[in-house]
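# Close look at the chain arrangement
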Amino acid sequence: MKKKLLLDKVAIVTGGTRGIGRAIVLALCEEGAECAFTYVSNRSSAESLAEEIRRMGGRPLPVQLDVRDFEGAKTLVERVKQEFGRLDILVNNAGITKDKSLMMMSKEDWSDVIDTNLTGVFNTTRACIITFLKQKSGNIVTISSVSGIHPLPGQVNYAAAKAGVIGFTKSLAKEVAPYNIRVNAVAPGFVDTEMTSAFGEKTRGKFLNMIPLKRFGTADEVAKTVLFLLGDESQYITGQAIQLDGGLGI
Ligand code: NDP
């Protein structure tokens, strides 16, 4: 039988209740990891995911945490270490969009997106890093976006946050490489989740035309790329932003 990729590893995934985060949590559990995952409001989805993991024979830990909460992120890490005895992996996935043209964008639209998508990554990574430095091992993957590299109009807040996440990833990768900690980002294009389900047929058609592979990606495809970055087969890769976009960013 094939050895599971993440046996005995303990992971935190932010925003695990639906979409890409949910697919990542399930993929990690299937590969043998113990998984804590966060949600902000969606308790029933968190509970149903936890139940699914229990049926797979896993021991899930759903935790309510707004990633904008710096102290809350520290408490999460302490709780995970108490529950599982260690921590090996952080997947920063939680994110939101509030797309609109700059002239219509309020200060709140700007701050909500920057605070969740960029400061949230700082908060959770800052909370984990001392554990990783002390044990001289750790693996961090952050979900950025192709919008952080090749942005579309009407999302200056999201593009700035996701580009910021890539800068954060590259700087931290250099800083912590001597401690055997790898830091990478995944930059998906359009992925079928609740985030993209609001597009009308016309908008979806316009975006499909821009994608050389002529389809949106799936959450499972993103999860597989995350697994690759977390596993030993990528052990010489750090500081990268892997584009997973059907060719959108070419
Ligand atoms: P969804 O909207 O489907 O899910 C978002 C998740 O993030 C939910 O679990 C939600 O929790 C959680 N979340 C939102 N705000 C916070 C917060 N303040 N604190 C903690 N958790 C929060 O998003 P996707 O699955 O589509 O996206 C996941 C990530 O991938 C995001 O970072 C997104 O920017 C990125 N991405 C998505 C793409 C796409 O096309 N879908 C493309 C490129 C990147 P709750 O359920 O409790 O609300």
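Residues numbered from 1 in each chain as written. Predicted model: local features only at pLDDT ≥ 70, side-chain atom pairs only at ≥ 80, totals over all residues. Heavy atoms only, no water.

### Concerning the overall build of the protein chain
- If you tally the helices and strands in the protein chain, you get 8 helices and 7 strands.
- Taking 2.2 N^0.38 as the reference for a compact globule, 250 residues should give roughly 18 Å; the C-alpha atoms of the protein chain span a radius of gyration of 17 Å, in line with that estimate.
- Projected onto the principal axes, the alpha-carbon positions of the protein chain cover approximately 50 × 35 × 35 Å.
- Burial statistics for the protein chain: of 250 residues in total, 48% are counted as buried.
- Of the contacts formed within the protein chain by residues at least 6 apart in sequence, a portion of 73% connects residues at least 24 apart.
- Here the protein chain has roughly 12,500 Å² of accessible surface; of this, 53% comes from carbon and sulfur atoms.
- When the 31 basic and 27 acidic side-chain charges of the protein chain are each reduced to a single mean position, those positions are 3 Å apart. (Helix = DSSP H or I, 4+ residues; strand = E, 2+ residues; numbered from the N terminus. Rg over C-alpha atoms; globule rule 2.2 N^0.38 Å. Buried < 20%, exposed > 50% of the residue type's maximum accessible area, 1.4 Å probe, protein only. Contact = heavy atoms within 4.5 Å. Areas by Shrake-Rupley, 256 points an atom, 1.4 Å probe, with all protein chains shown as cover. Lys, Arg positive; Asp, Glu negative; His and termini not counted. Charge placed at Lys NZ, Arg CZ, Asp CG, Glu CD.)

### Observations regarding the side chain of Glu-31
- Within the element layout of this structure, Glu-31 appears in the loop between helix H1 (19–30) and strand S2 (34–39).
- Taking the relative accessible area as the measure of exposure, Glu-31 reaches 19% and is therefore buried.
- The residues contacting Glu-31, other than those within four sequence positions of it, are Lys-4, Leu-5, Leu-6, Leu-7 and Leu-227.

### Overview of the site of the ligand
- In the vicinity of the ligand, 31 residues are found, and the nearest of them are Thr-17, Asn-93, Tyr-158, Val-191 and Thr-193.
- Val-67 places a main-chain nitrogen or oxygen 2.9 Å from a nitrogen atom of the ligand.
- One of the side-chain nitrogen or oxygen atoms of Tyr-158 is found 2.6 Å away from an oxygen atom of the ligand.
- Protein burial of the ligand: of its 900 Å² of free accessible surface, 95% is covered by the chains.
- Those elements that provide at least two residues to the shell around the ligand are H1, helix H5 (156–176) and helix H6 (194–197).
- Top element by residues in the shell around the ligand is H6. It accounts for 3 residues. (Near = heavy atom within 4 Å. Polar contact = N/O pair within 3.5 Å; in protein donor to acceptor, adjacent residues only side chain to side chain.)

### Quick notes on the sheet that holds strand S4 (residues 89–92)
- Taking strand neighbours across the sheet as the criterion, the 7 strands line up as S3-S2-S1-S4-S5-S6-S7 in an open arrangement whose pairing is parallel. Edge positions in the sheet fall to strand S3 (61–64) and strand S7 (241–244), since each of these pairs with one other strand and no more. Averaged over all neighbouring strand pairs, the angle between strand axes comes to 20°, with direction disregarded.
- As defined by bridge partners, S4 adjoins strand S5 (residues 138–143) across 4 bridges and the pair is classed as parallel. For Leu-90, the partnering residue across the bridge sits in S5 and is Ile-140.
- In this fold H5 packs onto S5, strand S6 (181–188) and S7, with an angle of close to 160° to the strand it touches most, S6. (Pairing = 2+ DSSP bridges. Axes fitted to C-alpha atoms, helices over the stretch in contact; angles between N-to-C directions.)

### Description of the pattern of salt bridges
- According to the stated counting rule, one finds 13 salt bridges in the structure shown.
- Between Arg-18 and Glu-194 there is a salt bridge whose closest N-O contact spans 3.1 Å. Separated by 176 residues along the polypeptide, Arg-18 in the loop between strand S1 (10–13) and H1 and Glu-194 in helix H6 bring together distant segments of the chain.
- You can call Arg-18 partly exposed: its relative accessible area is 41%. (Salt bridge = Lys/Arg side-chain N within 4 Å of Asp/Glu carboxyl O.)

### Quick look at the nonpolar core
- Membership of the largest hydrophobic core comes to 32 residues, with the highest contact counts inside it found for Val-13, Ile-24, Val-25, Leu-28, Phe-37, Val-226 and Leu-230.
- Tallying contributions element by element places H1 first for this core, with 8 residues.
- With sequence-adjacent residues up to four places away left out, Phe-37 is seen in contact with Val-13, Gly-16, Val-25, Ala-46, Leu-49, Ala-50, Ile-53, Pro-60, Leu-61, Pro-62 and Val-63.
- Counting residues in each nonpolar core, the second largest holds 23 residues, with Leu-76, Val-80, Val-176 and Ile-181 among its members. (Core = buried A, V, L, I, M, F, W, Y, C linked by side-chain atoms within 4.5 Å.)

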